[in-house]
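Coordinate analysis (summary)
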Amino acid sequence: MKRPRLQVYVEIPRMRPPPPKRPRLATWPSTPISSTTLVHRSDDDDDDAGEHPHTIDFEQPEPNRKHKSDHLVEFGGAIESTIRRLCSTAIDPRLVADIRFVLAKHAPTATPFIASSSPNQHQRAPDHLWEPPATSSRLDRRVRRAVESRCGLALRQTFLLDAFHPFQAQAIARGLEGEDVLVVAPTGSGKSLCFQLLALHDHVHGGGKVTVVLSPLRALIKDQQRHLAEKGIEAIALLTNQPPEQLLAAQTLPPLVFVTPEKVQKCPAVKELIVSWYEAGLLARLVFDEAHCASTQRFRDDAFTESWRLHVELPNVPIMALTGSATPQIIDDIRYHLSPRIPQLIRISQNRPNCALTVLRKHTNETAAIGDLVGLLQTSSFVGKCGIIFRTRRSACEKLARKLRDRGISVCHYHAGMDEVERDEAQEMWASGRCDVIVATVSSYVFQGGAHLLTSLEIAFGMGINKTNVRWVIHFDFPKSLVNLDQEAGRAGRDGGPAQCIIYYNFGDLKHLLEIAQRDNQDTTLALQDALAVVRFCEDKSTCRRVLLLRHLGERYRVDDCRNTCSTCVNADRRVEEDVTRAASDARGLLSALTHEGRDVTVQHFLQIFLGRKTACTSKNGHREKELFGAGGDMSPDVAELVVAELLRRDVFREVRKGYATSKWKHWYLELGDEAEAELRGVKVCYHKSQRLPQARPCQK
Ligand SMILES: Nc1ncnc2c1ncn2[C@@H]1O[C@H](COP(=O)(O)OP(=O)(O)OP(=O)(O)O)[C@@H](O)[C@H]1O
């Protein structure tokens, strides 16, 4: 039977693709590319694919084609297998987006895989959303039986669990067959079991083979080691500067060896050791845990590129990559790093139904904001329960811990500026339940002798940490990206019990995030893109938060399924939209008058003048005599803050950091922004009159 042929014409302007930023993988095909056209042809039958699975031909278009700017992308053979073969090393990101768009329309069940040489460049067509199966995929009985018979005993006796989740059985089954696998399943769903059980199996039945796990965080490695030790499974972490041979002095290898990508990159002895196991036939599997980091931690690109390339040097070793938070682009990036291998994708919905999602407004005034937080922590859903508070800056992390301690909350802190012993102690205190709350930074650079050390994420807290009774996670500064949010919030409710995930949001915090990105030498454009996605998520007060988050992760979610477990759905009847054009215009006029006089005002100071407060700081410099003093006096301070936030968002206002010779501190001051002259029309703010916290629903583990 003749296979269907699909011809896709994609119109894009002619342009020469940018040179690849990173070195090409050794086995990557060198692709001749014309500056004028991209024509992908594949043969009608798939036989050819087996021989050269990654070879593609780009040809000049037929000379008689009328529209020279058209690019013909011709797919032959079964659509799905052809998509898998569509690779390019230098492809215009817009073409990639267009191809995805067309494929989404014509082959919705296929998972297109387009690897590009610069994985972070391309954009996915917005409507390319994956529909997870309505019920968790029913497992083929044969698969379940095969996995049961080979690993069931270990599951019950060593891991003390009753049954496999379907995705675990699928991943383990493929792993047992020696296949390469990419597992995408929500945080806390039990992905680690997939490689841990396989490692145990390979060790016991494979003559003492070792599984090497590349894991990006030290805290996570320590956490996993601790859990494995409780189950009597030996696992060694190659983290210290001690020569790896000394750590592995014993005659037999352990089932699992953990190492960070940086260690593989910087320490040749570690790499040599892994290669020697491979050569001796003792390497069972390479595991890439928290695989989304290969895409999201862009400043660690080198470490990831180098260490992930290990699989190219060890071609016969099966690989398993796992992630709990992956956008479609991240999945492509992971596949790029794993190419030329094409792992089997095992994917379930990334939704965590037992974690209620809430966005709360954070006061611009830190003391008021902390007061709100303390009030929340004293309510029954939080008091005496184990939780995590994430902050972006170390000083803020310590300060908050101190303030909470003063209010009688049992709390410790964890950040990159502490030494290893202090950090381990804090983690241990929290993990063992000696204190309820840990205030932690997510990631930040370590400065040593003025030099950046690329070890920030290695010592960050959050990702992967598995403490089953965490009942709440609070982002007191807004997260760097929605993927970070998903990961960090994923520390809560890992036992399937109800949990609260809360973000305190204030638009003004964006500046701190970007400041950190700049200081850390990250790509600020990408950092801004990620942060703006969080801003959009937080500011949208009419769309279900689960829909927004899962859409970002490439998933289609039905709003009815939320069942009031997010702050938008539960507060839908309290939503207010207010036109504040007049107030915005007055605020602009007031700031204009202040800057004209050469006065520097912080947001807080400005709000006091705008609201007409009779305080010490408004009594100075003749503020009370100003025409627009108290122009916002008829509105609540909360709405006035939203007006300023909206003006900042529109770039009518901006905040700049300034220092003065009289003070060693620098502060953020309000200034007129680039759009200050623009006509202000339809300025609206949206808020909830009062916010109820959504109730989370427990789910079956
Ligand atoms: N089949 C199972 N049945 C019940 N509980 C399970 C099962 N598999 C794993 N778990 C439990 O789920 C919890 C989370 O597991 P794990 O740390 O592997 O999650 P994860 O998916 O790797 O999360 P993350 O993405 O955050 O790293 C653990 O406490 C584990 O014991």
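Note that the coordinates shown come from a computational prediction; the quantities given were computed from them, not determined experimentally. (Residues numbered from 1 in each chain as written. Predicted model: local features only at pLDDT ≥ 70, side-chain atom pairs only at ≥ 80, totals over all residues. Heavy atoms only, no water.)

Moving on, we come to the pattern of salt bridges. Following the criterion strictly, the structure yields 29 salt bridges and no others. A salt bridge links Arg391 to Asp477; the shortest N-O distance between them is 2.8 Å. Residue Arg391 is found in strand S13 (residues 386-391), and its partner Asp477 is found in the loop between strand S18 (470-475) and helix H18 (482-489); the two are separated by 86 residues along the sequence. Each member of the pair, Arg391 as well as Asp477, carries the same accessibility label: buried. Here Glu646 ties to Arg650 by a salt bridge, and the two come within 2.9 Å at their closest N and O atoms. What you see here is one network of salt bridges that share partners, running through Lys362, Glu366, Arg391, Asp477 and Asp509. (Salt bridge = Lys/Arg side-chain N within 4 Å of Asp/Glu carboxyl O. Helix = DSSP H or I, 4+ residues; strand = E, 2+ residues; numbered from the N terminus. Buried < 20%, exposed > 50% of the residue type's maximum accessible area, 1.4 Å probe, protein only.)

One open sheet holds the six strands; their spatial order is S12-S19-S18-S13-S15-S14, and the pairing between them is parallel. Only two strands of the sheet have a single partner each, and these edge strands are strand S12 (355-361) and strand S14 (411-414). Each adjacent strand pair in this sheet contributes to an overall mean axis angle of 20 degrees, direction not counted. As defined by bridge partners, S18 adjoins strand S19 (residues 499-505) across four bridges and the pair is classed as parallel. By the bridge assignment, Trp472 is partnered in S19 with Gln500. Together, S13, S18 and S19 form the strand contacts of H18, whose direction differs from that of S18 by roughly 155 degrees. (Pairing = 2+ DSSP bridges. Axes fitted to C-alpha atoms, helices over the stretch in contact; angles between N-to-C directions. Contact = heavy atoms within 4.5 Å.)

Next up on the list: a positive patch on the surface. A cluster of basic residues, Lys399, Arg402, Lys403, Arg405 and Arg407, forms a positive patch at the surface. Examined against the element boundaries, Arg402 turns out to sit in helix H16 (residues 394-406). (Patch = residues over 30% accessible without salt bridge, like charges linked within 9 Å, V, L, I, M, F, W, Y side chains within 5 Å. Areas by Shrake-Rupley, 256 points an atom, 1.4 Å probe, with all protein chains shown as cover. Lys, Arg positive; Asp, Glu negative; His and termini not counted. Charge placed at Lys NZ, Arg CZ, Asp CG, Glu CD.)

Here we take up the packing of aromatic side chains. Taken as a whole and judged by the stated rule, the model has six aromatic pairs. Relative to Tyr504, the ring of Phe476 lies with its centre 5.3 Å away and its plane at 65 degrees, an arrangement referred to as edge-to-face. Here Tyr504 lies in strand S19 and Phe476 lies in the loop between S18 and H18, a separation of 28 residues in the sequence. Judged by relative accessible area, Phe476 falls into the buried class, the value being 0%. Pairing Phe478 with Tyr505 gives two aromatic rings, centres 5.5 Å apart and planes at 45 degrees, and the pair type is tilted. In this pair, Phe478 sits in the loop between S18 and H18 while Tyr505 sits in strand S19, placing the two residues 27 residues apart along the sequence. The same class applies to Phe478 as to Tyr505, namely buried. Among the aromatic side chains, those forming a connected cluster through ring pairs are Phe606, Phe610 and Phe653. (Phe/Tyr/Trp six-rings, centres within 6.5 Å; stacked < 30°, edge-to-face > 60°.)

Taken together, 18 residues sit near the ligand, with Ala163, Gln168, Lys191, Ser192 and Arg494 positioned nearest. Arg491 places a side-chain nitrogen or oxygen 2.9 Å from an oxygen atom of the ligand. Calculation on the ligand without its partners gives an accessible area of 650 Å², and the protein chains cover 86% of this total. Tallied by class, residues from the shell around the ligand come to three nonpolar, 10 polar and five charged. Counting contributing residues, the shell around the ligand receives three or more from each of domain 2 (138-347) and domain 3 (355-574). (Near = heavy atom within 4 Å. Polar contact = N/O pair within 3.5 Å; in protein donor to acceptor, adjacent residues only side chain to side chain. Nonpolar A, V, L, I, M, F, W, Y, C, P; charged D, E, K, R; others polar. Domains from an automatic or database assignment.)

Okay, the pairing of strand S9 (residues 283-288) next. Buried residues dominate S9, accounting for six of its six residues. Note: strand S6 (residues 210-214) against S9, five bridges, orientation parallel. Among the inter-strand pairings, Leu214 is bridged to a residue of S9, identified as Phe288. Here S9 pairs with strand S10 (residues 319-323) via three bridges, running parallel. Looking at the pairing, Val287 lines up with Met320 of S10.

To continue, consider the confidence of the model for the protein. Interpretation of this model should avoid reading the predicted coordinates in detail wherever pLDDT is low. Looking at the protein, pLDDT values average 77 and 74% of them are 70 or higher. Counted against residues more than four places away or in other chains, residues 1-94, with its pLDDT under 50, gives 173 contacts. Every residue in residues 444-459 scores below 50 in pLDDT, and together they form 49 contacts with partners more than four places removed in sequence or on other chains. Reported confidence for the predicted complex is 0.98 by ipTM and 0.76 by pTM. (pLDDT = per-residue confidence, 0-100.)

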